[in-house]
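A structural walkthrough
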Amino acid sequence: MNILHISPNFNYSCGVSSYVYKYLRYFGSRKDYNLYFITNGGDALSRLDKLKDVQITLCKFSTGIRNVFYSINFYKFLIKYCINNNIDIIHSHHRFPEYVAYLVSLKINVKTVTSALSFVSGYKKLSFKSDKIISCSNSVSNMLINYFKVSDSKIFTTYHCVEEFDQINSTGINRIRRELNIGNEIKVILYVGRINKVKGYDILINSYLKNFSYTNNIKLILIGGIEEKSFSNKINRYYKGIIHLSPSSKYYHYYELADVVISPSRKDPFPLVMLETGIMKKPFIGSRTGGISEFIDDGVNGFLFEPGNADDLADKIKFVINNPEKAKSAAEELHKKVKKYCNCEDYFARLKGIYEELLEA
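The present account deals with the structure reproduced in this document.

Moving on: the overall build of the protein chain. A tally of regular secondary structure across the protein chain gives 12 helices and 13 strands. Against the 2.2 N^0.38 benchmark of 21 Å for 361 residues, the protein chain shows a C-alpha radius of gyration of 21 Å, consistent with a compact globule. Projected onto its principal axes, the C-alpha positions of the protein chain cover 65 × 40 × 35 Å. Residues classed as buried in the protein chain amount to 55% of the 361 residues present. Long-range contacts, defined here as pairs at least 24 residues apart, represent 65% of the contacts in the protein chain between residues at least 6 apart. Split by element, the accessible area of the protein chain, about 16300 Å² in all, is 46% carbon and sulfur. Of note, the protein chain has its 49 positive side-chain charges centred 6 Å away from the centre of its 35 negative side-chain charges.

Listed below in C-alpha coordinates is the structure:
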(Lines give C-alpha, C1' and ligand atoms only; values in the text may rest on other atoms or scores of the structure.)
Protein backbone atom coordinates (compact mmCIF):
# COMPACT_ATOMS: atom_id res chain seq x y z
CA MET A 1 0.00 0.00 0.00
CA ASN A 2 1.48 3.35 -1.05
CA ILE A 3 0.43 6.17 1.27
CA LEU A 4 1.27 9.84 0.83
CA HIS A 5 1.04 12.18 3.82
CA ILE A 6 0.93 15.94 3.23
CA SER A 7 1.35 18.50 5.99
CA PRO A 8 2.72 22.05 5.90
CA ASN A 9 4.99 23.62 8.51
CA PHE A 10 6.65 20.62 10.14
CA ASN A 11 7.58 22.14 13.53
CA TYR A 12 8.57 21.00 17.01
CA SER A 13 5.91 23.01 18.85
CA CYS A 14 3.09 21.78 16.62
CA GLY A 15 0.82 18.95 17.73
CA VAL A 16 -0.10 18.14 14.13
CA SER A 17 3.57 17.70 13.24
CA SER A 18 4.04 15.35 16.20
CA TYR A 19 1.11 13.22 15.08
CA VAL A 20 2.34 13.15 11.47
CA TYR A 21 5.77 12.03 12.65
CA LYS A 22 4.14 9.14 14.52
CA TYR A 23 2.23 8.11 11.36
CA LEU A 24 5.39 8.14 9.26
CA ARG A 25 7.46 6.24 11.79
CA TYR A 26 4.79 3.61 12.48
CA PHE A 27 3.74 2.77 8.93
CA GLY A 28 7.16 3.42 7.44
CA SER A 29 8.58 0.56 9.50
CA ARG A 30 6.06 -1.95 8.10
CA LYS A 31 6.95 -3.98 5.05
CA ASP A 32 3.44 -3.90 3.56
CA TYR A 33 3.46 -0.08 3.36
CA ASN A 34 5.46 2.41 1.32
CA LEU A 35 5.37 5.83 2.97
CA TYR A 36 5.79 9.20 1.28
CA PHE A 37 5.70 12.65 2.86
CA ILE A 38 5.40 16.13 1.36
CA THR A 39 5.89 19.27 3.44
CA ASN A 40 6.78 22.88 2.71
CA GLY A 41 9.32 23.27 5.54
CA GLY A 42 9.55 23.90 9.27
CA ASP A 43 12.00 23.92 12.20
CA ALA A 44 11.75 20.16 12.85
CA LEU A 45 12.91 18.84 9.48
CA SER A 46 15.94 17.23 11.13
CA ARG A 47 13.55 14.73 12.80
CA LEU A 48 12.80 13.36 9.34
CA ASP A 49 16.42 12.23 8.95
CA LYS A 50 15.61 9.31 11.24
CA LEU A 51 12.89 8.03 8.89
CA LYS A 52 15.05 6.04 6.49
CA ASP A 53 12.08 4.12 5.07
CA VAL A 54 10.02 7.21 4.18
CA GLN A 55 10.50 9.18 0.97
CA ILE A 56 10.57 12.87 1.97
CA THR A 57 9.85 15.68 -0.50
CA LEU A 58 10.07 19.40 0.21
CA CYS A 59 7.68 21.35 -1.96
CA LYS A 60 6.86 25.05 -1.83
CA PHE A 61 3.11 25.41 -1.46
CA SER A 62 0.84 27.89 0.27
CA THR A 63 -1.69 27.02 2.94
CA GLY A 64 -4.31 29.42 1.59
CA ILE A 65 -7.14 27.80 -0.33
CA ARG A 66 -7.79 30.98 -2.27
CA ASN A 67 -4.22 31.24 -3.51
CA VAL A 68 -4.94 30.24 -7.11
CA PHE A 69 -1.31 30.30 -8.20
CA TYR A 70 -0.19 27.79 -5.59
CA SER A 71 -3.36 25.70 -6.01
CA ILE A 72 -2.84 25.18 -9.74
CA ASN A 73 0.87 24.47 -9.47
CA PHE A 74 0.51 22.17 -6.49
CA TYR A 75 -2.37 20.36 -8.22
CA LYS A 76 -0.21 19.67 -11.29
CA PHE A 77 2.72 18.63 -9.14
CA LEU A 78 0.58 16.30 -7.04
CA ILE A 79 -0.98 14.51 -10.01
CA LYS A 80 2.45 13.78 -11.46
CA TYR A 81 3.81 12.75 -8.05
CA CYS A 82 0.95 10.31 -7.41
CA ILE A 83 1.22 8.73 -10.86
CA ASN A 84 5.00 8.34 -10.66
CA ASN A 85 4.84 6.74 -7.21
CA ASN A 86 1.63 4.72 -7.68
CA ILE A 87 0.03 6.40 -4.67
CA ASP A 88 -3.05 4.58 -3.37
CA ILE A 89 -4.11 6.99 -0.62
CA ILE A 90 -3.39 10.66 0.06
CA HIS A 91 -3.65 11.46 3.77
CA SER A 92 -3.69 15.24 4.29
CA HIS A 93 -3.33 17.15 7.56
CA HIS A 94 -4.43 20.64 6.54
CA ARG A 95 -7.35 22.06 4.57
CA PHE A 96 -5.30 23.37 1.65
CA PRO A 97 -3.60 20.07 0.71
CA GLU A 98 -6.88 18.32 1.49
CA TYR A 99 -8.67 20.44 -1.09
CA VAL A 100 -5.97 19.86 -3.71
CA ALA A 101 -5.91 16.13 -2.93
CA TYR A 102 -9.66 16.00 -3.48
CA LEU A 103 -9.25 17.64 -6.90
CA VAL A 104 -6.53 15.13 -7.74
CA SER A 105 -8.85 12.25 -6.77
CA LEU A 106 -11.34 13.48 -9.40
CA LYS A 107 -8.64 13.17 -12.04
CA ILE A 108 -6.85 9.93 -11.15
CA ASN A 109 -7.64 6.80 -9.18
CA VAL A 110 -6.52 7.70 -5.66
CA LYS A 111 -8.40 7.63 -2.34
CA THR A 112 -8.29 10.51 0.12
CA VAL A 113 -8.18 10.77 3.90
CA THR A 114 -7.85 13.93 5.96
CA SER A 115 -7.24 14.52 9.65
CA ALA A 116 -9.51 17.14 11.23
CA LEU A 117 -7.34 18.49 14.01
CA SER A 118 -8.61 21.99 14.67
CA PHE A 119 -11.67 24.22 14.83
CA VAL A 120 -11.96 26.11 11.54
CA SER A 121 -14.55 28.13 9.65
CA GLY A 122 -15.19 29.42 6.15
CA TYR A 123 -14.72 27.73 2.76
CA LYS A 124 -17.65 25.42 3.43
CA LYS A 125 -17.88 24.25 -0.18
CA LEU A 126 -14.15 23.57 -0.45
CA SER A 127 -13.41 21.84 2.86
CA PHE A 128 -13.56 18.24 4.07
CA LYS A 129 -14.32 16.56 0.75
CA SER A 130 -12.14 13.51 1.42
CA ASP A 131 -13.42 9.95 1.32
CA LYS A 132 -12.76 9.60 5.04
CA ILE A 133 -12.24 12.19 7.77
CA ILE A 134 -10.42 11.32 10.99
CA SER A 135 -11.66 13.58 13.77
CA CYS A 136 -9.59 14.00 16.93
CA SER A 137 -12.55 14.56 19.28
CA ASN A 138 -16.33 14.62 19.53
CA SER A 139 -16.16 18.41 19.58
CA VAL A 140 -14.48 18.46 16.17
CA SER A 141 -16.92 15.87 14.82
CA ASN A 142 -19.82 18.09 15.86
CA MET A 143 -18.20 20.99 13.99
CA LEU A 144 -17.86 18.86 10.85
CA ILE A 145 -21.49 17.75 10.99
CA ASN A 146 -23.19 20.97 12.10
CA TYR A 147 -21.08 23.63 10.36
CA PHE A 148 -19.60 21.90 7.31
CA LYS A 149 -22.56 19.52 6.83
CA VAL A 150 -20.32 16.49 6.50
CA SER A 151 -22.11 13.15 6.58
CA ASP A 152 -21.37 11.35 9.83
CA SER A 153 -20.78 8.18 7.77
CA LYS A 154 -17.54 9.75 6.48
CA ILE A 155 -16.28 10.71 9.94
CA PHE A 156 -14.17 8.44 12.13
CA THR A 157 -13.81 9.91 15.62
CA THR A 158 -10.86 8.75 17.71
CA TYR A 159 -8.64 10.42 20.27
CA HIS A 160 -5.06 10.79 19.15
CA CYS A 161 -2.32 8.79 20.78
CA VAL A 162 0.82 9.50 22.76
CA GLU A 163 3.91 7.44 23.55
CA GLU A 164 6.07 7.14 26.63
CA PHE A 165 9.02 9.53 26.78
CA ASP A 166 12.60 8.70 27.64
CA GLN A 167 12.79 10.18 31.12
CA ILE A 168 15.89 11.76 32.58
CA ASN A 169 17.34 11.11 36.02
CA SER A 170 17.71 13.55 38.89
CA THR A 171 21.17 14.55 37.67
CA GLY A 172 19.70 15.62 34.33
CA ILE A 173 16.89 17.52 36.02
CA ASN A 174 19.33 19.36 38.28
CA ARG A 175 21.45 20.25 35.25
CA ILE A 176 18.44 21.84 33.52
CA ARG A 177 17.58 23.74 36.71
CA ARG A 178 21.11 25.12 36.89
CA GLU A 179 21.03 26.15 33.24
CA LEU A 180 17.78 28.05 33.84
CA ASN A 181 18.87 29.34 37.26
CA ILE A 182 15.90 27.67 38.93
CA GLY A 183 16.58 26.32 42.41
CA ASN A 184 15.09 23.08 43.69
CA GLU A 185 12.75 25.00 45.99
CA ILE A 186 11.15 26.92 43.10
CA LYS A 187 7.80 25.78 41.72
CA VAL A 188 7.52 25.58 37.93
CA ILE A 189 4.46 26.34 35.81
CA LEU A 190 4.92 24.95 32.30
CA TYR A 191 3.33 25.87 28.97
CA VAL A 192 4.17 23.92 25.79
CA GLY A 193 2.75 25.08 22.47
CA ARG A 194 2.70 27.76 19.84
CA ILE A 195 2.85 31.33 21.14
CA ASN A 196 -0.36 32.78 19.70
CA LYS A 197 -3.68 34.21 20.88
CA VAL A 198 -5.75 31.11 20.10
CA LYS A 199 -3.53 29.07 22.41
CA GLY A 200 -4.12 31.67 25.12
CA TYR A 201 -0.51 32.31 26.12
CA ASP A 202 -1.45 35.91 27.01
CA ILE A 203 -4.10 34.70 29.46
CA LEU A 204 -1.52 32.61 31.25
CA ILE A 205 1.01 35.46 31.30
CA ASN A 206 -1.58 37.92 32.69
CA SER A 207 -2.53 35.41 35.37
CA TYR A 208 1.11 34.86 36.29
CA LEU A 209 2.11 38.52 36.35
CA LYS A 210 -0.88 39.49 38.48
CA ASN A 211 -0.68 36.66 41.01
CA PHE A 212 2.77 35.05 41.07
CA SER A 213 5.51 37.25 39.61
CA TYR A 214 5.99 39.15 42.87
CA THR A 215 7.17 35.95 44.56
CA ASN A 216 10.59 34.44 44.08
CA ASN A 217 9.52 30.82 44.41
CA ILE A 218 7.33 30.35 41.29
CA LYS A 219 8.57 30.50 37.69
CA LEU A 220 6.72 30.26 34.41
CA ILE A 221 8.38 28.44 31.49
CA LEU A 222 6.98 28.83 27.99
CA ILE A 223 8.20 26.48 25.26
CA GLY A 224 7.08 27.17 21.73
CA GLY A 225 7.52 28.93 18.43
CA ILE A 226 6.63 32.62 18.55
CA GLU A 227 3.74 33.68 16.30
CA GLU A 228 2.89 36.93 18.12
CA LYS A 229 5.25 39.86 17.51
CA SER A 230 4.17 41.59 20.71
CA PHE A 231 5.50 38.65 22.72
CA SER A 232 8.97 39.02 21.23
CA ASN A 233 9.03 42.71 22.19
CA LYS A 234 7.99 42.10 25.79
CA ILE A 235 9.64 38.87 26.88
CA ASN A 236 12.95 40.47 27.89
CA ARG A 237 11.57 43.81 29.11
CA TYR A 238 8.29 43.30 30.95
CA TYR A 239 7.77 39.63 31.70
CA LYS A 240 9.49 39.24 35.06
CA GLY A 241 9.99 35.64 36.15
CA ILE A 242 9.03 34.22 32.75
CA ILE A 243 11.41 32.03 30.77
CA HIS A 244 10.87 31.42 27.06
CA LEU A 245 12.58 28.50 25.34
CA SER A 246 12.59 27.72 21.63
CA PRO A 247 11.15 24.30 20.78
CA SER A 248 13.58 21.43 20.34
CA SER A 249 13.58 17.66 20.01
CA LYS A 250 14.10 17.31 23.78
CA TYR A 251 11.32 19.66 24.88
CA TYR A 252 9.65 16.88 26.86
CA HIS A 253 12.52 16.91 29.40
CA TYR A 254 11.01 20.09 30.83
CA TYR A 255 7.91 18.19 31.93
CA GLU A 256 10.18 16.67 34.57
CA LEU A 257 10.59 20.11 36.15
CA ALA A 258 6.91 21.04 36.08
CA ASP A 259 4.71 21.23 39.16
CA VAL A 260 1.74 21.97 36.91
CA VAL A 261 1.22 22.10 33.14
CA ILE A 262 -1.21 24.63 31.65
CA SER A 263 -3.20 24.60 28.41
CA PRO A 264 -4.95 28.02 28.43
CA SER A 265 -6.44 27.87 24.92
CA ARG A 266 -9.36 30.06 23.99
CA LYS A 267 -10.53 27.05 22.00
CA ASP A 268 -8.84 23.73 21.47
CA PRO A 269 -9.93 20.55 19.67
CA PHE A 270 -7.73 18.12 21.63
CA PRO A 271 -4.27 19.30 22.70
CA LEU A 272 -1.28 16.98 22.57
CA VAL A 273 0.16 18.67 25.66
CA MET A 274 -2.78 17.30 27.67
CA LEU A 275 -1.81 13.74 26.71
CA GLU A 276 1.89 14.35 27.26
CA THR A 277 1.14 15.74 30.72
CA GLY A 278 -0.79 12.57 31.50
CA ILE A 279 2.01 10.32 30.29
CA MET A 280 4.44 12.24 32.51
CA LYS A 281 2.08 12.02 35.52
CA LYS A 282 1.99 15.78 36.04
CA PRO A 283 -0.99 17.86 37.21
CA PHE A 284 -2.87 19.46 34.31
CA ILE A 285 -4.95 22.63 34.12
CA GLY A 286 -6.86 23.43 30.94
CA SER A 287 -9.55 25.78 29.75
CA ARG A 288 -13.09 24.48 29.75
CA THR A 289 -13.40 24.18 25.97
CA GLY A 290 -13.52 21.65 23.13
CA GLY A 291 -11.58 18.44 23.58
CA ILE A 292 -10.09 19.58 26.90
CA SER A 293 -13.43 19.66 28.74
CA GLU A 294 -14.37 16.48 26.87
CA PHE A 295 -11.41 14.56 28.29
CA ILE A 296 -10.82 16.25 31.66
CA ASP A 297 -13.19 15.62 34.55
CA ASP A 298 -12.65 18.71 36.72
CA GLY A 299 -11.07 17.84 40.04
CA VAL A 300 -10.70 14.16 39.14
CA ASN A 301 -8.04 13.84 36.42
CA GLY A 302 -7.23 17.51 36.00
CA PHE A 303 -8.57 20.99 36.61
CA LEU A 304 -10.60 23.29 34.38
CA PHE A 305 -10.97 27.08 34.29
CA GLU A 306 -13.23 29.32 32.27
CA PRO A 307 -11.64 30.27 28.92
CA GLY A 308 -10.09 33.73 29.00
CA ASN A 309 -10.50 34.14 32.77
CA ALA A 310 -7.02 34.83 34.16
CA ASP A 311 -8.30 35.09 37.75
CA ASP A 312 -10.02 31.70 37.58
CA LEU A 313 -6.81 30.24 36.15
CA ALA A 314 -4.82 31.73 39.03
CA ASP A 315 -7.18 30.15 41.55
CA LYS A 316 -6.65 26.73 39.96
CA ILE A 317 -2.87 27.17 39.94
CA LYS A 318 -2.91 28.13 43.62
CA PHE A 319 -5.05 25.09 44.41
CA VAL A 320 -2.66 22.71 42.66
CA ILE A 321 0.42 24.20 44.32
CA ASN A 322 -1.18 24.30 47.79
CA ASN A 323 -2.74 20.82 47.58
CA PRO A 324 0.04 18.52 46.35
CA GLU A 325 -1.72 15.28 47.32
CA LYS A 326 -4.89 16.15 45.39
CA ALA A 327 -2.78 17.34 42.48
CA LYS A 328 -0.82 14.07 42.50
CA SER A 329 -4.03 12.05 42.58
CA ALA A 330 -5.41 13.94 39.58
CA ALA A 331 -2.14 13.39 37.71
CA GLU A 332 -2.33 9.66 38.37
CA GLU A 333 -5.93 9.54 37.12
CA LEU A 334 -5.00 11.42 33.95
CA HIS A 335 -2.16 8.98 33.37
CA LYS A 336 -4.58 6.05 33.63
CA LYS A 337 -7.05 7.60 31.19
CA VAL A 338 -4.37 8.48 28.64
CA LYS A 339 -2.96 4.96 28.79
CA LYS A 340 -6.44 3.49 28.31
CA TYR A 341 -7.80 5.69 25.51
CA CYS A 342 -4.71 7.06 23.76
CA ASN A 343 -2.61 3.97 23.10
CA CYS A 344 -0.68 4.21 19.82
CA GLU A 345 -0.89 0.52 18.92
CA ASP A 346 -4.69 0.65 19.15
CA TYR A 347 -4.83 3.97 17.33
CA PHE A 348 -2.80 2.82 14.36
CA ALA A 349 -4.67 -0.47 14.18
CA ARG A 350 -7.86 1.57 13.69
CA LEU A 351 -6.16 3.76 11.10
CA LYS A 352 -4.92 0.68 9.23
CA GLY A 353 -8.52 -0.54 9.12
CA ILE A 354 -9.60 2.75 7.53
CA TYR A 355 -6.93 2.50 4.83
CA GLU A 356 -7.85 -1.09 4.00
CA GLU A 357 -11.57 -0.31 3.93
CA LEU A 358 -10.99 2.51 1.45
CA LEU A 359 -9.00 0.33 -0.96
CA GLU A 360 -11.58 -2.45 -0.80
CA ALA A 361 -14.46 -0.07 -1.60
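Additional details are given in the paragraphs that follow.
All right, on to helix 6 (residues 201-211) then. The buried fraction of helix 6 amounts to eight of the 11 residues, a majority that puts the element mostly inside the structure. Of the positions making up helix 6, those classed as buried are Tyr201, Asp202, Ile203, Leu204, Ile205, Ser207, Tyr208 and Asn211.

Strand order in the open sheet formed by seven strands is 3-2-1-4-5-6-7, and the pairing between neighbours is parallel. Two strands lie at the open edges of the sheet, namely strand 3 (54-58) and strand 7 (155-157), each paired on one side alone. Shown here is a sheet whose adjacent strand axes are inclined to one another by a mean of 20°, direction ignored. Relative to strand 7, helix 4 (residues 138-146) is tilted by about 165°, and along the sheet it contacts strand 5 (111-116), strand 6 (132-135) and strand 7. Sitting on the sheet, helix 12 (residues 344-360) touches strand 1 (2-6), strand 4 (89-92), strand 5, strand 6 and strand 7, and the angle it makes with strand 6 is about 170°.

One pass over the full model with this rule turns up one disulfide. Between the sulfur atoms of Cys161 and its disulfide partner Cys344 the distance amounts to 2.3 Å. Where Cys161 bonds to Cys344 through sulfur, the torsion about that S-S bond is close to 85°, and the disulfide is right-handed. Placement of the pair is Cys161 in the loop between strand 7 and helix 5 (170-180) and Cys344 in helix 12, with a sequence separation of 183 residues. We note that Cys161, like Cys344, is buried. Counting only cysteine sulfurs, Cys136 is the nearest neighbor of Cys14, a cysteine outside any disulfide, at a range of 12 Å. Sulfur of Cys342: no disulfide; nearest cysteine sulfur belongs to Cys161 and is 7.9 Å away.

What counts as what
- Residues numbered from 1 in each chain as written.
- Predicted model: local features only at pLDDT ≥ 70, side-chain atom pairs only at ≥ 80, totals over all residues.
- Heavy atoms only, no water.
- Helix = DSSP H or I, 4+ residues; strand = E, 2+ residues; numbered from the N terminus.
- Rg over C-alpha atoms; globule rule 2.2 N^0.38 Å.
- Buried < 20%, exposed > 50% of the residue type's maximum accessible area, 1.4 Å probe, protein only.
- Contact = heavy atoms within 4.5 Å.
- Areas by Shrake-Rupley, 256 points an atom, 1.4 Å probe, with all protein chains shown as cover.
- Lys, Arg positive; Asp, Glu negative; His and termini not counted.
- Charge placed at Lys NZ, Arg CZ, Asp CG, Glu CD.
- Pairing = 2+ DSSP bridges.
- Axes fitted to C-alpha atoms, helices over the stretch in contact; angles between N-to-C directions.
- Disulfide = S-S within 2.5 Å.

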